[in-house]
Structure formats: structure tokens, C-alpha cells
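If you want the building blocks of each chain, they are given just below.
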Amino acid sequence: MKQIALKIDVDTYRGTREGVPRLMETLQRHQAGATFFFTLGRDNMGRAIFRVFRKGYLQKVSRMSVVEHYGIKTLLYGTLLPAPNIGKRCRDILRSVKEAGFEVGIHCHDHIRWQDHVVHKDEAWTKRELERAIAVYRDVFGEEPHAHAAAGWQMNRHAFRLMQRLGFRYSSDSRGYAPFIPTWDGEIIACPQLPTTLPTLDELINRDGLTLDNLAEYMLNLTQDAPPTGHVFTLHAELEGGKWMPVFEQLLDGWKKQGYQLVAMQDYLAHLPTTCLPHHPVELREVDGRIGKLTVQRP
Ligand SMILES: [Zn+2]
């Protein structure tokens, strides 16, 4: 069976309030499943301004018009404007996603904190951040979380261990080519890892002649031949749930024509031979169109 799992990262307060309802409506219209991974604490996205000192940041910002997609306010949250608490203020929206039958999971508690710091942090810090997200998840959804998708594909060894220790059914924290059991310095971490296998739209836009007009066509070329274990596509509530919705709809139509089922991550997992997934080491590596290094599946 050809499947594409749709993994939706929800990074911001605005993305939760505006992008999530729009995506739910679109997915329902296309009868597509998907998993929403939520940022559950405060939206401190404005603090991304400090990334201006990092290599490649300004280049990326100018490549994709950050203000247009995220809005001025988002770019000030946690700096000039107070950071809105997503878990508190968007509780009804979060619950409505699950009630509509979509799978939900944890993206993070504070996106900026996790994305910018987890790589260098110790076990206590990592556990605390994850437990904060879990506490909100429990409170909002009234159940234990079963799925995690790391903010910015940033992880450390402790975070991987916690996926196993906390009994998550799977996590999706890396970029790669097929589902696997991760190893870290030879240590096996027994929690299935479902890597994102396709590039994201923001990694492609305005590079190599790619524009909003030919982005879908380019992506559909990449999915023409299905790998035996299908694909995981990551999208963002702020982008595909906003101005890039038409491109996303072209993708949904195109993938259906190519014979793919569009499913939530848990349904994708259900079709995998989870008892005999291959072991692969993970490492930090640069990925085209992204700043810094991401967690990547090694061959
Ligand atoms: Zn994110």
C-alpha cells in the first residue's frame, strides 16, 4: 500500500488559532488523515531575532518573507510583546482537533528553547522540558501522549532515551529515508523513529528556480516512485495552513492521483513491520535549505 503520512508541525500561537482550523477543513474535504504536533507552552517566537547572529539566518529570512507568513506580532512575542500561552489560550482548538478524529502529538513546550538549546543540554534539562509539554498535553487531552516530533528536528541522546522510557509508540525527530530503530554511539533506543523523508516547502522555495507556481510539480516528481515504506511529509500550520494552502491542495490532489493514501502517522506506523525495523545511527548534519544541523538518519 502506498502511503504518505502527513506530519503537521504547529509552532506558534497564530498558527494554532488560524492555520490549524483551516488545515482541518482542507484535510476533511480531501478525506486525508494527518497528525498535528503542537507547541503546548508559550509562543516565544520573537526570540528567534537573536538568531540573526547565526550563519545563514538572514539569507533564509529574505528567501521566504518571514513577516508575511508569521505576522509582525509573532516576531515580537517573548521580546516586546508578552508570549501567549498556547496550551491555555487555544485549549478549545487543540481539543477540537482530536475530537475531529485527527491524531495529536507533542511538538514541544517552548519551540525556541528546545530548538536552540536541546543539543547542548543535559538529562535534567531535557527531561524537564519534555515533562512540561507532557503535563499540558495530559491536561488538555485527558490522556497520556504517545507521539513526539522534535521542534526543528533537534534532539540529544537523553531526549531519544526518554522516548523509549516514557513509552512513546513512535517519534519523528529526524530526517531520513525509511522508518528505523535509532542507535546513539551504539546504544539502541527502542522506540520506532519515523523520519521525515521529503523536503519541506520552505526548504525549497526560491531556490534553484522554484517558486509557488512550480513547487507542487517539483514535489510530485519526487514522489513519482514510492519507496516500499512510503513517505513522511512535514508541513507547517503557519505556511501550508496560511498563504501556501493552494500549493498544499495541489499536493493533496497530485498524491491521490499517484495512488497514495494520505494518513496520520499512527496509521503509517500500523502498516510497518515494527518488530523488524532496521537499526540506524543518527547524527547531526546540515540539510539543504535549513540553518544549522539537524538530526539525520545515517545509512
Ligand atoms: Zn516546529
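A brief look at the structure comes next.

Cut-offs applied
- Residues numbered from 1 in each chain as written.
- Predicted model: local features only at pLDDT ≥ 70, side-chain atom pairs only at ≥ 80, totals over all residues.
- Heavy atoms only, no water.
- Pairing = 2+ DSSP bridges.
- Helix = DSSP H or I, 4+ residues; strand = E, 2+ residues; numbered from the N terminus.
- Donors = N, O, S within 2.8 Å, 3.2 Å for Na, K, Ca; no water.
- Buried < 20%, exposed > 50% of the residue type's maximum accessible area, 1.4 Å probe, protein only.
- Polar contact = N/O pair within 3.5 Å; in protein donor to acceptor, adjacent residues only side chain to side chain.
- Contact = heavy atoms within 4.5 Å.
- Phe/Tyr/Trp six-rings, centres within 6.5 Å; stacked < 30°, edge-to-face > 60°.
- Lys NZ or Arg CZ within 6 Å of the ring centre and 35° of its normal.
- Arc of directions from axis to C-beta.

1. With respect to the sheet that holds strand E10 (residues 279-286)
A sheet is described by the order of its strands in space; here four strands give the open sequence E7-E6-E10-E11, paired in mixed fashion. Where the open sheet ends on each side, the last strands, each with one partner, are strand E7 (187-188) and strand E11 (293-297). With three bridges connecting them, strand E6 (residues 181-184) and E10 associate as parallel partners. Across the sheet, the residue bridging to Thr183 is Pro281, located in E10.

2. Considering the coordination of the zinc ion
Only Asp11 (OD), His107 (NE2) and His111 (NE2) from the protein coordinate the zinc ion, and they sit 2.1 to 2.2 Å from it. All donors of the zinc ion come from a single chain, and their spacing in sequence reads D-x95-H-x3-H. Remark: His111 occurs in helix H6 (residues 111-117) and Asp11 occurs in the loop between strand E1 (3-10) and helix H1 (13-29); sequence separation between them is 100 residues. The exposure classification of Asp11 matches that of His111, with both residues buried.

3. With respect to the side chain of Thr12
When you line up the elements, Thr12 lands in the loop between E1 and H1. A polar atom in the side chain of Thr12 sits 2.7 Å from the side chain of Glu238. In this view, Thr12 contacts Asp43, Met45, Tyr70, Thr74, Ile86 and Glu238; residues no more than four positions away in its chain are not counted.

4. Some details on the packing of aromatic side chains
A complete count under the given rule lists eight aromatic pairs for this structure. Judged by centre distance (5.4 Å) and plane angle (75 degrees), the ring pair of Phe36 and Phe102 falls under edge-to-face. Residue Phe36 is found in strand E2 (residues 35-39), and its partner Phe102 is found in the loop between helix H5 (91-99) and strand E3 (103-108); the two are separated by 66 residues along the sequence. Overall, Phe102 belongs to the buried group, its relative accessible area being 8%. Ring centres of Phe160 and Trp184 lie 5.7 Å apart, and the angle between their planes is 50 degrees; this geometry places the pair in the tilted category. With Phe160 in helix H8 (residues 157-165) and Trp184 in strand E6, this residue pair connects regions lying 24 residues apart in the sequence. Across this residue pair, the class does not change: Phe160 and Trp184 are buried. The rings of Phe36, Phe38, Phe102, Tyr137 and Phe141 are connected pair by pair, giving a single aromatic cluster. Positioned above the aromatic ring of Tyr260, the side-chain terminus of Lys2 is 4.7 Å from the ring centre. Its end group placed over the ring of Trp153, Arg175 keeps NZ or CZ at 4.5 Å from the ring centre.

5. Details of helix H10 (residues 215-222)
The periodicity of an α-helix, 3.6 residues per turn, causes residues three or four positions apart to be oriented the same way. Among all positions of H10, only Leu215, Ala216, Met219 and Leu220 are buried. When H10 is viewed along its axis, its buried side chains cluster within an angular range of 130 degrees and face the same direction. At its buried positions, H10 is contacted by helix H9 (201-204), strand E8 (231-236) and helix H11 (245-257).

The values reported here are purely geometric and, on their own, carry no functional implication.
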